[in-house]
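The lines below spell out each chain.
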Amino acid sequence: MSGLFWFSLLVALVPQVFAQLPVEKIYGVNLGSWLLLEPWMLPQGWTDMGGQICADCSQCIESEFAFAMAYPDTVDQTFAKHWDSWFTQSDLQDLKNAGINTLRIPLGYWIVEALVERPAENYPRGGLDYLRRGLGWVRDSGMHVILDHHALPGVQTPDLEFTGQCTNDVQFYTPHNYHRALVWTAVMTTLSHLDPQFSSVFAIEAVNEPIRDASQTPGYGDFQKNFVKTVRAIEALLGIQVTGYNPNLPVSLPTTNFTATLQQACSLSLFDADVVDALLDAIPILSGIGLQYGFTDTLTSEPFNSGRSPLVTNFMDISWQYDNPPNPANAAIGPQGYDNHLYYSFGGVADADPTAYMQSICNLQRIQNDTVLGDSPLWFGEWGLATQCDASDSFLKQWGDAQKWAYGQSAGWIYWNFKAEISNLTNGRELARQWSYLEALNMDLLPQNAASYYDDNVCQPYINETSSKSRSVPAEDAAVASAPVVNPSMPSKPPPLKLSDHGRRLVKKHYSF
């Protein structure tokens, strides 16, 4: 009976879920280490730039922040060379030829340079030039983009390269840095609708991988709501209709000068105070960007382009955190999607052998568990072929098929990463073999078409099997599934078995390729 219930529930949700997305199924890759560099992914390139690799990334030049502090006079030029070469039109064409239709682009808050509080903070400047160029390529290719706020003001997770600064002094969960993140959101939302280079963007992700213990993220639930309200406020002022959202804008607002419209709307207190503060601080930033890139008229004199659909607001799903986390579904206004990251390579999901892996992935319950809590549509925004065991090529082909099958039951999947370095420091192709989509294609570890499988029935022998060696329903999923559903909020529950806050961290530290 319960199986029939789940099947019926998911079938009923499918039309609503996929109507929000620009594709029938997301087949994607991350453009990791492009505009937000993670040294473990290109250790030779990083050291050639002048960076360092050490056991504790906070103690050496192993982040963009540390690099900019060490080389303030040359950092911009050095990173421009990296941005120009790491992601190319040739890479994009190879991905398109392989059936990839979606790109998730990790970004630091410093892509909006006015938000950097120098001299206490320092990051490479000029990344927006390359983001706009790359988005233009993507637009011309017909592919689609999720802008992922991967590194937040003040740092959202301790001691990890992907935050841009390796530090245990986490300051994101404060009013000041929540505000800066909302300003970033207002700027990116406006550009996504008004800058033609951004026309491939269909979603913005609020925060990549916050601290998992919700007791350490005060105010995060309010931030989720303000993030959505900021996106929808910009869209309302642009005349973009969002189902169920009607802020009752006065007809006197200008329709040919967007920055003036923002200013006047803020003076009328049409939105919540935190949203108004963010919009006001976004105005001069947008004016500066418009002047820099030659679309001032679009912001100040041309009629608003309201032809675009509302953006999909995007959050890590509720199961990412424990200890009574806020449910991002409670923040939804209009289309919203949810992101889950699952890495088996660092323990906590299944024992480190192929059979346990297959039994676990083929019986994954995360989609169903998220659906009952309102976190739908769900997609798997990071995954890879990396394992804890000495995996043969034949198993990696099976493992890739099984993960694609499991994640394909959701709105889709996005592989981490599109590429990785091949050098002596990565033991030749070993790093790329399990972390690079393009190299996996070259090695015939993944099918040449993203929608295809080597074995369409890869999971059939393992579905509903149980084993003492496998947790077919991971601990955190079981807790969600067994909790009484009174409202779309996650009940308090014990911490899940420890998963890496970000899988790539341990690759760098232990080189467990």
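Owing to the predicted nature of the structure, the values given are computational and were not obtained by experimental measurement.

### What about the overall build of the protein chain?
Within the protein chain one finds 18 helices and eight strands. The 513 residues of the protein chain split such that 60% are buried. Taking all contacts inside the protein chain whose residues are at least 6 apart in sequence as the whole, residues at least 24 apart take part in 76%. For the protein chain, the exposed area adds up to about 18600 Å²; of that, 50% sits on carbon and sulfur atoms.

### A look at the state of the cysteines
All told, the structure shown has three disulfides when counted by the stated rule. In this model, Cys-54 is linked to Cys-60 through a disulfide, with the two sulfur atoms separated by 2.1 Å. Measuring handedness by torsion sign, the sulfur bridge of Cys-54 and Cys-60 sits at about -85 degrees and is left-handed. Judged by its relative accessible area of 13%, Cys-60 is buried. Bonded cysteines in the protein chain are paired 1-3, 2-4, 5-6 when counted in the order they occur along the chain.

### Some thoughts on the side chain of His-149
You can see His-149 is positioned in strand β3 (residues 144–151). A relative accessible area of 1% means that His-149 is categorised as buried. What His-149 contacts, discounting residues up to four positions off in sequence, is Leu-107, Gly-108, Tyr-109, Ala-181, Trp-184, Glu-205, Ala-206, Val-207 and Asn-208.

### Regarding the packing of aromatic side chains
Scanning all chains against the criterion turns up 37 aromatic pairs. When the ring of Phe-172 is compared with that of Phe-223, the centres are 5.6 Å apart and the planes differ by 85 degrees; the resulting orientation is edge-to-face. Remark: Phe-223 occurs in helix α8 (residues 220–237) and Phe-172 occurs in the loop between β3 and α7 (175–194); sequence separation between them is 51 residues. We note that Phe-172, like Phe-223, is buried. Ring-pair connections join several aromatic residues into one group, and the members of that group are Tyr-27, Phe-380, Trp-383, Tyr-407, Trp-413, Tyr-415 and Tyr-437. If you follow Lys-397 out to its NZ or CZ, it ends over the ring of Tyr-454, 4.4 Å from the centre. In this structure, Lys-404 packs its charged tip against the face of Tyr-453, placed 5.4 Å from the ring centre.

### Here we look at helix α4 (residues 75–86)
Between its first and last C-alpha, α4 extends 16 Å over 12 residues, near the 16 Å set by a 1.5 Å rise per residue. Buried within α4 are the following residues: Val-75, Thr-78, Phe-79, Ala-80, His-82, Trp-83 and Trp-86. For α4, the elements touching its buried residues are α2 (43–49), α3 (64–70), α5 (89–97) and α6 (127–141).

### Topic: a negative patch on the surface
Together, Asp-222, Asp-274, Asp-277 and Asp-281 make up a negatively charged patch on the protein surface. In terms of residues, the negative patch owes the most to one element, helix α10 (residues 273–293), which gives three residues. Secondary-structure assignment places Asp-222 in helix α8. Since its relative accessible area comes to 51%, Asp-222 is described here as exposed.

### Description of the packing of α8 against α10
Look at α8 against α10: their axes get within 9 Å of each other, and the N-to-C directions meet at 55 degrees. As far as their axial angle goes, α10 and α8 are oblique. In this structure, α8 meets α10 at a crossing whose hand is right-handed. Residues Asn-226, Lys-229, Thr-230, Ala-233 and Ile-234 of α8 form the contact with α10, whose participating residues are Asp-274, Val-275 and Leu-279. In terms of residue class, the contact of α8 with α10 is built from four nonpolar, two polar and two charged.

### Notes on the pattern of salt bridges
Considering all chains together, one arrives at 17 salt bridges under this definition. For Asp-84, the salt bridge is made with Arg-133, and the minimal N-O distance between the two is 2.9 Å. Taken together, the residues Asp-84 in helix α4 and Arg-133 in helix α6 connect sequence positions 49 residues apart. Look at Asp-84 and you get partly exposed, because its relative accessible area is 40%. Here Asp-140 ties to Arg-139 by a salt bridge, and the two come within 3.0 Å at their closest N and O atoms. Linked through salt bridges whose partners overlap, the residues forming this network are Arg-104, Asp-148, Glu-205, Asp-339 and Glu-382.

### Here we look at the nonpolar core
One finds Leu-103, Leu-131, Phe-223, Tyr-344, Ile-361, Tyr-407 and Tyr-437 to be the most contacted residues of the largest nonpolar core, which totals 144 residues. Non-local contacts of Tyr-344, meaning those with residues more than four positions away in its chain, are made with Val-349, Ala-350, Tyr-357, Ser-360, Ile-361, Leu-364, Gln-388, Trp-399 and Tyr-407. In this structure, Leu-21, Ile-26, Phe-202 and Ile-414 belong to the second largest nonpolar core, which totals 10 residues.

Criteria and cut-off values
- Here the residue numbering is sequential within each chain, running from 1 through the sequence in written order.
- Where totals are concerned, whole chains, interfaces and linings use all residues; where local detail is concerned, this predicted model gives features only for residues with pLDDT of at least 70, and gives and counts side-chain atom pairs only at 80 or more.
- Processing note: side-chain calculations cover all non-hydrogen atoms of the structure and skip hydrogens and water entirely.
- A run of H or I in DSSP becomes a helix once it reaches four residues, and a run of E becomes a strand once it reaches two; helices and strands are each numbered from the N terminus.
- We call a residue buried when its accessible area falls under 20% of the maximum for its residue type, exposed when it is over 50%, and partly exposed in between, using a 1.4 Å probe and counting protein chains only.
- The contact definition used throughout considers only heavy atoms, calling two residues in contact when any of these lie within 4.5 Å.
- In these tables, accessible area is a Shrake-Rupley quantity obtained with a 1.4 Å probe, and a residue counts as shielded only by the protein chains included in the view.
- Our working definition of a disulfide is a cysteine sulfur pair at a distance within 2.5 Å.
- Two aromatic rings from Phe, Tyr or Trp, using only the six-membered ring of Trp, form a pair when their centres are within 6.5 Å; if the ring planes differ by under 30 degrees the pair is stacked, by over 60 it is edge-to-face, and anything between is tilted.
- Throughout this description, the term charge over a ring refers to an Arg CZ or Lys NZ atom that lies within 6 Å of the ring centre and within 35 degrees of the ring normal.
- Given a helix with a known number of residues, its expected span is that number minus one, times 1.5 Å.
- Think of a patch as exposed residues, more than 30% relative accessible area, with no salt bridge, where like charges cluster within 9 Å and nonpolar side chains (Val, Leu, Ile, Met, Phe, Trp, Tyr) cluster within 5 Å.
- A side-chain nitrogen of Lys or Arg and a carboxyl oxygen of Asp or Glu constitute a salt bridge if their distance falls within 4 Å.
- As used throughout, the charge tally considers Lys and Arg to be positive and Asp and Glu to be negative, leaving His and the chain termini uncounted.
- A charge is said to be at NZ when it belongs to Lys, at CZ for Arg, at CG for Asp and at CD for Glu.
- Axis angles are defined between N-to-C directions and span 0 to 180 degrees, where every axis is a line fitted to C-alpha atoms and, for a helix, only to the segment in contact.
- Geometric relationships in this document are graded by angle, where less than 35 degrees denotes roughly parallel, more than 145 denotes roughly antiparallel, 65 to 115 denotes roughly perpendicular, and other angles denote oblique.
- By the definition used in this description, the sense in which the near helix is turned from the far one sets the handedness, with an anticlockwise turn below a right angle giving left-handed and a clockwise turn giving right-handed.
- Throughout this entry, Asp, Glu, Lys and Arg are counted as charged residues, while Ala, Val, Leu, Ile, Met, Phe, Trp, Tyr, Cys and Pro are counted as nonpolar. The remaining residues, Gly among them, count as polar.
- The term nonpolar core refers to a set of buried residues drawn from Ala, Val, Leu, Ile, Met, Phe, Trp, Tyr and Cys, joined through side-chain atoms within 4.5 Å.

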